[in-house]
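# Survey of secondary and tertiary structure
Each chain, letter by letter, is given below.
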Amino acid sequence: MNHFLDIHTTDPTDLRQMIEDARAMKTARAGRPRGAADDTRPLEGHVVALIFEKPSTRTRVSFDVGVRQMGGETLVLSGSDMQLGHGETIADTARVMSRFVDLIMIRTFDPSVLTEMAEAADVPVINGLTDASHPCQIMADVMTFEEHRGPIAGKKVVWTGDGNNVCSSFLHAAGQFGFDLTFTGPQVLDPAAADVAYAREKGSEILIERDPYKAVEGADLIVADTWVSMHDAQSARERRHNLLRPYQVDKRLMEAAGSDALFMHCLPAHRGEEVTSEVMDGPQSVIFDEAENRLHAQKAILRWCLGV
Ligand code: CP
Ligand code: NVA
């Protein structure tokens, strides 16, 4: 069964094929009204469950619209309205859902919920973000980079700030797509050692550089994310802000990177915190292409999972 749980646990040839399929589907839709169905309707007769245990705008809307464009139907469910994990085991929910729907996408906290769901489900499961990773996001990011700059292999990505779930998926992608990544942030927020080791074992150059100005030298892409993620305790907010302020992406840092460097952020962004509005709305920013490509990348992921 084709579950899409993480970038490093998915075959690299399949990942590349999904990026190519996403690109082809995006091209085929060019100029069509947003709500119009695709010419081919590979998900006709399929029902996809979208379960959210955390808030979401992009993931929710892009999966929902993507399924509809391909002729399928969705059930958008809130984890708190379900029995998931409190009224019954995750595995029992997975077994029951498998009797009704053709695929489950879940956004949850502990990654063990995702793996338990995938182990027990008889239908494909997609990771829509956990505390540990966000693979759908990085598929869209790879697609976006390549639209603007060609193959990502051999390029230098700089991750700024917190070595969080999105950073982990970037490290997985570095290993699978063959690019290098420099992390710049405070030591206490370094990315997971296992993810750094994974990318290094796959041959990527992964550097940790505390000085953000040194880190961005020769960068092809600068990436920022929120300083406080949904799974972080709100009580950590002030301390994190103090630790992370030197890593804000502003015009001066983008200038140090050079005019060819792109800027990405998975969004939602906190303007004036991890990135300034000047950079977000500036000429190097591709954040809204990145958001749009969630739709196209996830349509390719859905088709790969369902084999349609
Ligand atoms: N980037 C992203 O996943 O956004 P949402 O939290 O809005 O889904
Ligand atoms: N790191 C962020 C990403 C949001 C899409 C979070 O987990 O809250």
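What you are looking at is a predicted structure, and each value in this text was computed from that prediction instead of being measured.

Okay, the overall build of the protein next. Scanning the protein from N- to C-terminus turns up twelve helices and nine strands. Taken against the 2.2 N^0.38 rule, which gives 19 Å for 308 residues, the C-alpha radius of gyration of the protein at 19 Å falls within 12% of a compact globule. The C-alpha extent of the protein, read off along each of the three principal axes, is 55 × 45 × 35 Å. Within the protein, buried positions represent 55% of all 308 residues. Summarising the internal contacts of the protein: among those between residues at least 6 apart in sequence, 74% fall at separations of at least 24. Roughly 12800 Å² of accessible area belongs to the protein as shown, and the carbon and sulfur atoms make up 49% of that amount. Side-chain charges of the protein comprise 31 positive and 46 negative groups, with the mean position of each set lying 4 Å from the other.

A few words now on the pairing of strand E6 (residues 180-184). Of all five residues that make up E6, four are buried, and the element is covered over most of its length. In the sheet, strand E5 (residues 156-160) pairs with E6 via five bridges, with the strands oriented parallel. Within the sheet, the bridge partner assigned to Val157 lies in E6 and is Leu181. Crossover handedness for the path E5 to helix H6 (residues 165-177) to E6: right-handed. As judged from the three bridges shared by E6 and strand E7 (residues 206-208), these two strands associate in the parallel manner. By the bridge assignment, Phe183 is partnered in E7 with Ile208.

Under the definition given, this model contains 17 salt bridges. The residue Glu146 makes a salt bridge to Arg16 at a minimum N-O spacing of 2.8 Å. Linking Glu146 in helix H5 (residues 135-149) with Arg16 in helix H1 (residues 12-29), this pair joins segments that are 130 residues apart in sequence. Judged by relative accessible area, Arg16 falls into the partly exposed class, the value being 27%.

For the rest of this paragraph, the subject is the site of ligand 1. Near ligand 1, the surroundings consist of Ser56, Thr57, Arg58, Thr59, Arg107, His134, Gln137, Cys266, Leu267 and Arg294. Between Thr57 and ligand 1, the recorded distance is 2.7 Å, taken from a backbone N or O atom to an oxygen atom. At 3.0 Å, a side-chain N or O of Gln137 approaches a nitrogen atom of ligand 1. Against a free-state accessible area of 260 Å², the protein chains account for coverage of 95% of ligand 1. Taken atom by atom, the bulk of ligand 1 overlaps the second largest pocket.

Time to look at the nonpolar core. Ranked by size, the top nonpolar core spans 54 residues in total, and within it Phe4, Ile126, Met139, Phe170 and Phe177 carry the most contacts. Counting 20 residues, the second-largest nonpolar core is a separate cluster that includes Ile51, Ile90, Val101 and Ile104.

For the rest of this paragraph, the subject is the environment of Met105. The residue Met105 is located in strand E3 (residues 103-107) in this model. For Met105, the residues in contact, after removing those within four places along its chain, are Ala49, Leu50, Ile51, Phe52, Thr59, Phe63, Ile126 and Gly128.

Turning our eyes to something else, we now look at the sheet that holds strand E4 (residues 125-127). Sheets are built from strands paired through backbone hydrogen bonds, the pairs being either parallel or antiparallel. On the basis of which strands lie adjacent, the open sheet formed by four strands has the order E2-E1-E3-E4 and parallel pairing. Every interior strand has two partners, whereas the edge strands, strand E2 (73-78) and E4, have only one. For this sheet, the mean inter-axis angle between neighbouring strands, taken without regard to orientation, is 20°. The sheet contact formed by strand E1 (residues 47-52) and E3 spans five bridges and is parallel. Pairing of Ile51 across the sheet is with Ile106, part of E3. On top of the sheet, helix H4 (residues 111-120) reaches E1, E3 and E4; it is set at about 165° to E4, its chief contact.

To continue, consider the side chain of Ser168. Here Ser168 is to be found in helix H6. Polar side-chain contacts of Ser168 include one of 2.7 Å to the side chain of Asp195. Apart from the residues within four sequence positions on either side, Ser168 is in contact with Ala132, Ala192 and Asp195.

Positionally, His231 belongs in the loop between strand E8 (221-224) and helix H9 (237-244). Note: C-alpha distance between His231 and Thr130 (101 residues apart in sequence) is 8.7 Å. Contacts of His231, omitting those with residues within four sequence positions, involve Lys54, Phe109, Asp131 and Asn165.

Conventions used here
- Residues numbered from 1 in each chain as written.
- Chains lettered and ligands numbered in written order.
- Predicted model: local features only at pLDDT ≥ 70, side-chain atom pairs only at ≥ 80, totals over all residues.
- Heavy atoms only, no water.
- Helix = DSSP H or I, 4+ residues; strand = E, 2+ residues; numbered from the N terminus.
- Rg over C-alpha atoms; globule rule 2.2 N^0.38 Å.
- Buried < 20%, exposed > 50% of the residue type's maximum accessible area, 1.4 Å probe, protein only.
- Contact = heavy atoms within 4.5 Å.
- Areas by Shrake-Rupley, 256 points an atom, 1.4 Å probe, with all protein chains shown as cover.
- Lys, Arg positive; Asp, Glu negative; His and termini not counted.
- Charge placed at Lys NZ, Arg CZ, Asp CG, Glu CD.
- Pairing = 2+ DSSP bridges.
- Right-handed = clockwise from strand over helix to strand, strands pointing away.
- Salt bridge = Lys/Arg side-chain N within 4 Å of Asp/Glu carboxyl O.
- Near = heavy atom within 4 Å.
- Polar contact = N/O pair within 3.5 Å; in protein donor to acceptor, adjacent residues only side chain to side chain.
- 1 Å grid on protein atoms, 1.4 Å probe; cavity = no way out; pocket = protein on both sides within 12 Å on 5 of 7 lines; lining within 4 Å.
- Sits in = over half its atoms within 2 Å of the grid points.
- Core = buried A, V, L, I, M, F, W, Y, C linked by side-chain atoms within 4.5 Å.
- Axes fitted to C-alpha atoms, helices over the stretch in contact; angles between N-to-C directions.

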